[in-house]
Amino acid sequence: MSLASKSPEPRPGILDIDAYVPGKEHAPGVAKVHKLSSNETPLGASPKAIEAFQAAAFNLERYPDGQAKALREAIGAVHGLNPANIMCGNGSDELLGLVCRTYLGPGDEGIITEHGFLVYKIEIQASGATPVTVKEKDARVDVDAILAAVTERTKIVFLANPANPTGTYIPVDEVRRLHAGLPEGVLLVLDAAYAEYVRRNDYAAGLELVSASRNVVMTRTFSKIYGLAGLRIGWMYAPVEVIDAVNRVRGPFNLSAPAIAAGAAAIRDQAFAATAVDHNLTWLSRVSEALVAIGLRVTPSVTNFVLIHFPEEDGKRAEDADDFLTSRGYILRAVRSYGFPNALRMTIGSAEANEGVIAALTEFMGRK
Ligand SMILES: *Cc1c(COP(=O)(O)O)cnc(C)c1O
């Protein structure tokens, strides 16, 4: 090959990464579109967050506070945590990546689960390390399978709890059992992006486990319950040693000033968040029951989405249902890349959107 035609070569492994494909957004030719493909809230953001965002527009010439102090203090106040143990990120996705860059390198292994969030795999590979995927049981994380996969090379274990796209969770004693079985040098990352939606007395997002350990971190997001996905805000609760290490890798101004201001206002408005939880609980059970009643199987969910399985044996394929729904303006998420070729994930939306999907799927299931 001539010198002139040779382009710079990415590091080994980079071109093996399958880039993340976000949920569909468009339904061509349909006047009214209901996007139920990215687990966004139908209620929008708190009016107080929007007001704070707008006020921030008058200081855009200034760099943001690189420590995001106002936001860390608001999170600390609401959750009863020391802000010194909190780091904010440009979405929790950024924090997942920073943790990988801080703790993983070539030769290391990161454990993920069969139907786990695809970002973990991408970030492990981007760090030059090797993703090790373990089986789940009935779309639920299997602690024994994770523990069996630990080797001397394991540096990180990723656990989404509740999980996406299954919507299932493992109880707090299972998380504790997982932690107890890990070597001290392995970092357990608890991704609790949907924690606010869970109403189960045997669930815990992981705050206590982080506080009591040196090798556990918990990540959270403002993209789901707080309705700020477009602003990109996430946070991590971690031991100070982890915060100190990751801080060395973090970009100095990784959150924008409007994000810091809006995030702080959003998390202080817990009344608004409670409304979103109520809406979700009501519709999560209504949607689940209605879909089961028309012959679909729904994985029991504790989140703001449901995984809907289609009976292929009856000639009802997820792919056809996807086209059928899209033609009517309802955009769900295909989850083939998550190991569910015959399922769709539906975000709980507005009353109108939920009823529309139920009606459309009733028609789809009854056809022929
Ligand atoms: C939505 C989601 C996140 C949040 O990502 P952000 O970067 O904070 O928007 C994290 N983990 C899982 C499993 C998710 O589904």
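Residues numbered from 1 in each chain as written. Predicted model: local features only at pLDDT ≥ 70, side-chain atom pairs only at ≥ 80, totals over all residues. Heavy atoms only, no water.

A. Main features of the pattern of salt bridges. Tallied over the full model, the rule gives 16 salt bridges. Glu196 serves as the salt-bridge partner of Arg220, at 3.3 Å between the closest nitrogen and oxygen. Remark: Glu196 occurs in the loop between strand S8 (187–191) and helix H7 (207–212) and Arg220 occurs in strand S9 (residues 216–221); sequence separation between them is 24 residues. Judged by relative accessible area, which is 14%, Glu196 ranks as buried. Residue Asp244 pairs with Arg248 through a salt bridge whose shortest N-O separation is 2.8 Å. Note on Asp244: relative accessible area 39%, which makes it partly exposed. Under the relative-accessibility criterion, Arg248 is labelled exposed at 65%. Several salt bridges share partner residues, and in doing so they unite Arg317, Glu319, Asp320 and Arg336 into one network. (Salt bridge = Lys/Arg side-chain N within 4 Å of Asp/Glu carboxyl O. Helix = DSSP H or I, 4+ residues; strand = E, 2+ residues; numbered from the N terminus. Buried < 20%, exposed > 50% of the residue type's maximum accessible area, 1.4 Å probe, protein only.)

B. Spatial organisation of the site of the ligand. Taken together, Gly91, Ser92, Asp93, Phe117, Asn164, Asp191, Ala193, Tyr194, Thr221, Ser223, Lys224 and Arg232 make up the full set of residues adjacent to the ligand. Here Asp191 contributes a side-chain N or O atom positioned 2.6 Å from a nitrogen atom of the ligand. Within the contact set of the ligand, an oxygen atom lies 2.6 Å away from a side-chain nitrogen or oxygen of Arg232. Here the ligand, which alone exposes 390 Å², has 93% of that area covered by the protein. Residues of the shell around the ligand, tallied by class, amount to three nonpolar, five polar and four charged. (Near = heavy atom within 4 Å. Polar contact = N/O pair within 3.5 Å; in protein donor to acceptor, adjacent residues only side chain to side chain. Areas by Shrake-Rupley, 256 points an atom, 1.4 Å probe, with all protein chains shown as cover. Nonpolar A, V, L, I, M, F, W, Y, C, P; charged D, E, K, R; others polar.)

C. Molecular detail of the sheet that holds strand S2 (residues 86–89). Spatially, S2-S10-S9-S8-S7-S3-S4 is the arrangement adopted by the seven strands of the open sheet, whose pairing is mixed. For this open sheet the edge positions go to S2 and strand S4 (130–134), each flanked by a neighbour on one side alone. Geometrically, the sheet is characterised by an average inter-axis angle of 25° between neighbouring strands, direction not taken into account. Pairing between S9 and strand S10 (residues 234–237): four bridges, direction antiparallel. Paired with Thr219 across the bridge in S10 is Met236. Strands in contact with helix H3 (residues 92–103) are S2, strand S7 (154–160), S8, S9 and S10; relative to S7, the strand with the most contacts, it is inclined by about 165°. Against the sheet, helix H6 (residues 172–181) engages S7, S8 and S9, with an angle of about 160° to S8. (Pairing = 2+ DSSP bridges. Axes fitted to C-alpha atoms, helices over the stretch in contact; angles between N-to-C directions. Contact = heavy atoms within 4.5 Å.)

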